[in-house]
Amino acid sequence: LEEADMARQMEAAEAKEAQKTKEAEEKARNARLQQKETNNRKDALLLLENENGEMQNHLQLLTAKITLLHQQLALSKEELEVVTVARNAAEISHCNTQTHLEAIKVEVVEEAERHAQQDIQQHLSR
């Protein structure tokens, strides 16, 4: 009877030990899975941080391009104003030149008519 009790106690102790081993293995497996998940999260976080940095660099580049385009547009507007003023001045100058040219033509015609009149009068007075 004592042997049977001892055998049962031994079996119970072995079963208890096996249960503890199984629980320890389960704990270790859960810890490994948790560590793996933590590592995956850290890797995902690093990837997101890198992607965020790249997006921030791209955003800064686009912002710089927009600023440059605004500056070019402002320069283009200034150039357009300068060219428009120059064209208007040239147009006024052209009009003044045409007016002056017409006046000279009138003077030339009047001068020619005076000379013709004088020539006629001189011719008749002879």
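See above for the structure.
So, here is what we can say about the structure in this document. What you are looking at is a predicted structure, and each value in this text was computed from that prediction instead of being measured.

Focus: the environment of Gln-117
Thought 1: For Gln-117, the location among the structural elements is in helix H1 (residues 2–125).
Thought 2: In this structure Gln-117 comes out as partly exposed when scored by relative accessible area, which is 47%.
Thought 3: Along the primary structure Gln-117 and Lys-27 are separated by 90 residues, whereas in three dimensions their C-alpha atoms are 131 Å apart.

Observations regarding the environment of Lys-27
Thought 1: Mapped onto the secondary structure, Lys-27 falls in helix H1.
Thought 2: Each C-alpha atom, one on Lys-27 and one on Asp-43, is 24 Å from the other, the two residues being 16 residues apart in sequence.

Overview of the pattern of salt bridges
Thought 1: Here the structure, examined in full by the defined rule, presents 5 salt bridges.
Thought 2: The salt bridge partner of Arg-29 is Glu-26, with a shortest N-O separation of 2.7 Å. With Arg-29 and Glu-26 both in helix H1 and 3 residues apart, the pair spans about one turn of that helix.
Thought 3: We note a salt bridge from Glu-102 to Lys-105, for which the minimum N-O separation is 3.9 Å.

Each value, and the rule that gives it
- Residues numbered from 1 in each chain as written.
- Predicted model: local features only at pLDDT ≥ 70, side-chain atom pairs only at ≥ 80, totals over all residues.
- Heavy atoms only, no water.
- Helix = DSSP H or I, 4+ residues; strand = E, 2+ residues; numbered from the N terminus.
- Buried < 20%, exposed > 50% of the residue type's maximum accessible area, 1.4 Å probe, protein only.
- Salt bridge = Lys/Arg side-chain N within 4 Å of Asp/Glu carboxyl O.

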